Amino acid sequence: MQVISAARAEWIFPFTGLQPAQFRKLVRLVAERGGDTIADGRPGRQWALDLPDRVLLVAVYWRTNLTMRQIGPLFGVSHSAAHRVIDTLGPLLALAPVRRRPVDQIAIVDGSLIPTRDHRLAAPSKNYRYSTNLQVAIDASTRLVIAVGDPQPGNRNDTIVYRTSGIDQKLAGRPVMADGAYRGNPEVIIPYRKPSDGRELPAWKEELNTQHRTVRAGVEHALARMKCWNILRDYRRAAHTLIDTASGIAHLHNIVLDG
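The shown structure was predicted, so the numbers you read here are calculated from the model rather than taken from an experiment.

Undergrad: I'd like a rundown of a nonpolar patch on the surface, residues and numbers included.
TA: Residues Tyr 192, Trp 204 and Leu 208 make up a contiguous nonpolar surface patch of roughly 310 Å² in combined accessible area. You can see Trp 204 is positioned in helix H8 (residues 203-226). Judged by its relative accessible area of 48%, Trp 204 is partly exposed.

Written out as structure tokens, the structure is:
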């Protein structure tokens, strides 16, 4: 018996964070990307759930981080079918690449540690857990996420991960702001540092640093909102799927913020 269904609008917001109209827009986008034509892994066999319910299953899984054996019965399918739905539709929810990069619009980048149980990529980190370092960039004016980097081991600092995650290439051509942890990347705008001899910064530099912190706080707020999707608080799936999940959650974040 199916407990949760997209046919009942009252289930959508509590379990996904999306308004029903936003959810319907998401379903149409997934259909345009080919989600409605994909069968259940074997030729001729169709999915037990229609497309809106499959999209809802993925969104509910990301929001609640229930196990497959918990989420399957909620949708009246087996845990293996729920796993296939998430594997198939998850990449179709990903954030669309930014086609235009206005040179006068600033991007803000920051990294966040995502606890990840797959130790093939995760590493012991300063949060005392095996984690991956996820780089996220937002547009400073709209605060929408515009790029997500490939997750890297959590014991690597932001200076290195900024380059190895590929997010530097995604932001090429735009001015980029970040905190002092990105020192070593000359194209990134970071705060002024105190002189090595211990002297205080001039007042004008302190004022610019204050303005820098105010603007840069936007990306920290975006990361906090993305972690409302609880799967980013304890990632139990294979580490290579984290990029699709993080990109999909960035897309949902943008839909909620823009809506």
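Undergrad: Just give me the short version of the pairing of strand E3 (residues 130-139), but keep the residues and values in it.
TA: Burial analysis of E3 places nine of its ten residues in the buried class, the great majority of the element. Bridging between strand E1 (residues 107-115) and E3 involves nine bridges; their strand directions are antiparallel. From the neighbouring strand, Leu 113 faces E3, where its bridge partner is Asn 133. Here two bridges tie strand E2 (residues 123-124) to E3, and the two strands are oriented antiparallel to one another. Along E3, the bridge assignment pairs Pro 124 with Tyr 130. Joining the antiparallel neighbours E2 and E3 is a turn of five residues, in which Tyr 128 adopts a positive phi near 65°. The pairing of E3 with strand E5 (residues 152-153) spans two bridges and is classified as antiparallel. Bridged to Thr 132 within E5 is Pro 153. As judged from the three bridges shared by E3 and strand E4 (residues 145-148), these two strands associate in the antiparallel manner. The partner of Val 136 across the bridge, within E4, is Val 148. What sits between the antiparallel neighbours E3 and E4 is a turn of five residues, in which Arg 143 has the positive phi angle 65°.

Calculation rules
Residues numbered from 1 in each chain as written. Predicted model: local features only at pLDDT ≥ 70, side-chain atom pairs only at ≥ 80, totals over all residues. Heavy atoms only, no water. Patch = residues over 30% accessible without salt bridge, like charges linked within 9 Å, V, L, I, M, F, W, Y side chains within 5 Å. Areas by Shrake-Rupley, 256 points an atom, 1.4 Å probe, with all protein chains shown as cover. Salt bridge = Lys/Arg side-chain N within 4 Å of Asp/Glu carboxyl O. Helix = DSSP H or I, 4+ residues; strand = E, 2+ residues; numbered from the N terminus. Buried < 20%, exposed > 50% of the residue type's maximum accessible area, 1.4 Å probe, protein only. Pairing = 2+ DSSP bridges.

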